[in-house]
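Residue-level structural notes
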Amino acid sequence: MKSIITHRNFSKGILLLVVALTLQSCFVAQDYVRPNIDAETEALYRTDNLSKDSVSIADVSWKNLFTDKYLQQYIEEGLQNNMDVRMALQQIIAAEAYAKQGKAGYLPTISVGANATHQELSENSQFGSLFSGGIDTYDITANLSWEADIWGKIRSNKRATQAGYLQSVAGHQVVKTQLISSIANTYYNLLALDAQLEITKQTIATRKSGVETIKALKDAGQVTQVAVDQNIAQYNSARALQVDIETAIFKTENTLSILLGKTAQNFERSSLDVQKIEQDIVLGVPATLLSNRPDVMSAEFGLIQSFELTNVAKSNFYPSLKLTASGGFQSLELDKLLNANSLFATVIGGLTQPLFNQRALKTQREVALAQQEQALLQFKKTLLVAGNEVSNALFSYEAETKKFEFRKNEVEALRTAEANSEELLKNGYANYLDLLTARQSALSAELNIIDSKLQQLVSIVDLYEALGGGWR
């Protein structure tokens, strides 16, 4: 059905406009309802100590969780200067622009233009016989176009752009959470390497003294040259280990530089033995991940966006009601252009029902439904992955805590064995191989206990990130 209304029957246009506004309440677009994910959240954490409280360590600010002043400074710098964070901010700005455009969907489009036209007429044409020569036409025309949101298409598109904006905000929060975790873990790795370097230097000094001792024993005829060579080899092995650790420190500092958006440099830091996490390790109920984990929130906003775009695709099957109008001044003479007799106006209102469009609308709907199902599966997968990361981080923390005690006992036993082996060798009651073995085992145990302390800290950071902490 199509109706053309000029200024002579403008009242019909007003009637059509009233009908459009009345029909606006007849939405076919559905409202988004979060899918039932009780099955996914019920046993999301693999632990025997599931909390009944909604409070978790994720609610703690990173400034309160990490008390090391150097680490706090580096996290602050990273949040300000990191390139990934800054790129995510630009993504938010772009999404916000689309969201503003979506809100403006209810408004009409208006354009104004001025034209001057010169037309040479053929003498044999219909108008050429009436007008000799050419015709000059001047006009100033304003055009207006407006579509009534009968079926909720504009509303759904607005909601889709808003969901896209919120998804970009959540994406920025994901980057912040990951950045804080990366900076903390890199910083703790540096402290662990510093501690291992100190142990290695002490070992080098001890082994250097041991070489002198074994040479003296060789001169006394208690050991052979083989024992001297073995001790020298062990001494040089420790020196090579020092080079490896110093190389690792150099590369780790470069990694931290990138995270902070800086050129490669040395960083001030404290020591591993003063690092303590004093916050209680509480998980909260699994459902809190829906509001704490930015990637879970981002996945749900993606689902909302695809849901609303499905509404848009469905509404395209229904007739659209559009109102267009144009008006202004038109004259054959420039000096009479703004004369009252030069005024003109045209209003066109019509309903357009798509009938055959090369299957484009049906394809659009099928694709939208498939993308909506894909977004739903991605949302559920993200939630499952989040629960898995929480479970792994918690188990790792508990395991490393137990292991640390065993490592301490191991170090004490091996240091005692090393001292006893050295004393027995001096008195001719032990073989030099026993001493070499005890020394190597003691060094490995010292390095392992440092690594165990590091893994404790890393597992807490990983748990904090897995629960969605850091972005607030």
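The notes below deal with the structure included here. Source: prediction; values computed, not measured.

Next up on the list: the overall build of the chain. Looking only at helices and strands, the chain has 11 helices and five strands in total. The C-alpha radius of gyration computed for the chain amounts to 38 Å, which surpasses the reference 23 Å derived for 472 residues by more than 25%, pointing to a less compact arrangement than a globule. By principal-axis analysis of the C-alpha atoms, the chain measures approximately 135 × 55 × 40 Å. Here the chain holds 472 residues, and the buried ones make up 41% of them. Taking the contacts inside the chain whose residues are at least 6 apart along the sequence as the reference set, 83% of them involve residues at least 24 apart. A total of about 26300 Å² of accessible surface is found on the chain, and carbon and sulfur atoms cover 54% of it.

Let us now look at helix 4 (residues 69-81). Its 13 residues give helix 4 an end-to-end C-alpha distance of 18 Å, which sits within 8% of 18 Å, the value for a rise of 1.5 Å per residue. Within helix 4 the residues assigned to the buried category are Tyr70, Leu71, Tyr74, Ile75, Glu77, Gly78 and Leu79. Residues of helix 4 that are buried sit in contact with helix 3 (62-65), helix 5 (83-103), helix 6 (153-219) and helix 7 (225-259). Backbone nitrogen of Tyr70 and a side-chain oxygen of the N-cap are separated by 2.8 Å at the start of helix 4; the cap is Asp68.

As a further point, take the pattern of salt bridges. The full count for this structure, using the stated rule, is 18 salt bridges. Note that Glu300 is salt-bridged to Arg34, the shortest N-O span being 2.8 Å. Taken together, the residues span a long stretch of sequence, with Glu300 in helix 9 (residues 294-315) and Arg34 in the loop between helix 1 (10-23) and helix 2 (38-42) at a distance of 266 residues. A relative accessible area of 41% places Arg34 in the partly exposed class. As a salt-bridge pair, Lys153 and Glu147 come within 3.4 Å of each other at their nearest N and O atoms. Assessed through its relative accessible area of 22%, Glu147 is described here as partly exposed. One continuous salt-bridge network, built from bridges that share partners, spans Asp31, Arg155, Arg159 and Glu308.

This next bit is on a nonpolar patch on the surface. There is a patch of nonpolar side chains on the surface, built from Ile110, Val112, Ile140 and Leu338 and spanning about 410 Å² of accessible area. Overall, Val112 belongs to the exposed group, its relative accessible area being 65%.

The next thing to look at is the packing of aromatic side chains. Evaluated as defined, the whole model comprises six aromatic pairs. Residues Trp151 and Tyr318 carry aromatic rings whose centres are separated by 4.9 Å and whose planes lie at 40 degrees to one another, so their mutual orientation is tilted. Within this pair, whereas Trp151 is found in the loop between strand 3 (134-148) and helix 6, its partner Tyr318 is found in the loop between helix 9 and strand 4 (320-331), the two being separated by 167 residues in sequence. A relative accessible area of 21% places Trp151 in the partly exposed class. Three or more aromatic residues link up through ring pairs in this structure, and these residues are Tyr74, Tyr187, Tyr188 and Phe267.

Our next topic: the pairing of strand 3. The side chains of a regular strand alternate between both faces of the sheet. Where strand 2 (residues 109-120) and strand 3 come together, 12 bridges link them in antiparallel fashion. Residue pairing for strand 3: Ser111 is matched across the bridge by Asn143. Across 11 bridges, strand 3 lies against strand 4 in antiparallel orientation. Counted as the bridge partner of Tyr138 is Ser331 from strand 4.

What counts, and at which threshold
Residues numbered from 1 in each chain as written. Predicted model: local features only at pLDDT ≥ 70, side-chain atom pairs only at ≥ 80, totals over all residues. Heavy atoms only, no water. Helix = DSSP H or I, 4+ residues; strand = E, 2+ residues; numbered from the N terminus. Rg over C-alpha atoms; globule rule 2.2 N^0.38 Å. Buried < 20%, exposed > 50% of the residue type's maximum accessible area, 1.4 Å probe, protein only. Contact = heavy atoms within 4.5 Å. Areas by Shrake-Rupley, 256 points an atom, 1.4 Å probe, with all protein chains shown as cover. Expected span 1.5 Å × (residues − 1). Polar contact = N/O pair within 3.5 Å; in protein donor to acceptor, adjacent residues only side chain to side chain. Salt bridge = Lys/Arg side-chain N within 4 Å of Asp/Glu carboxyl O. Patch = residues over 30% accessible without salt bridge, like charges linked within 9 Å, V, L, I, M, F, W, Y side chains within 5 Å. Phe/Tyr/Trp six-rings, centres within 6.5 Å; stacked < 30°, edge-to-face > 60°. Pairing = 2+ DSSP bridges.

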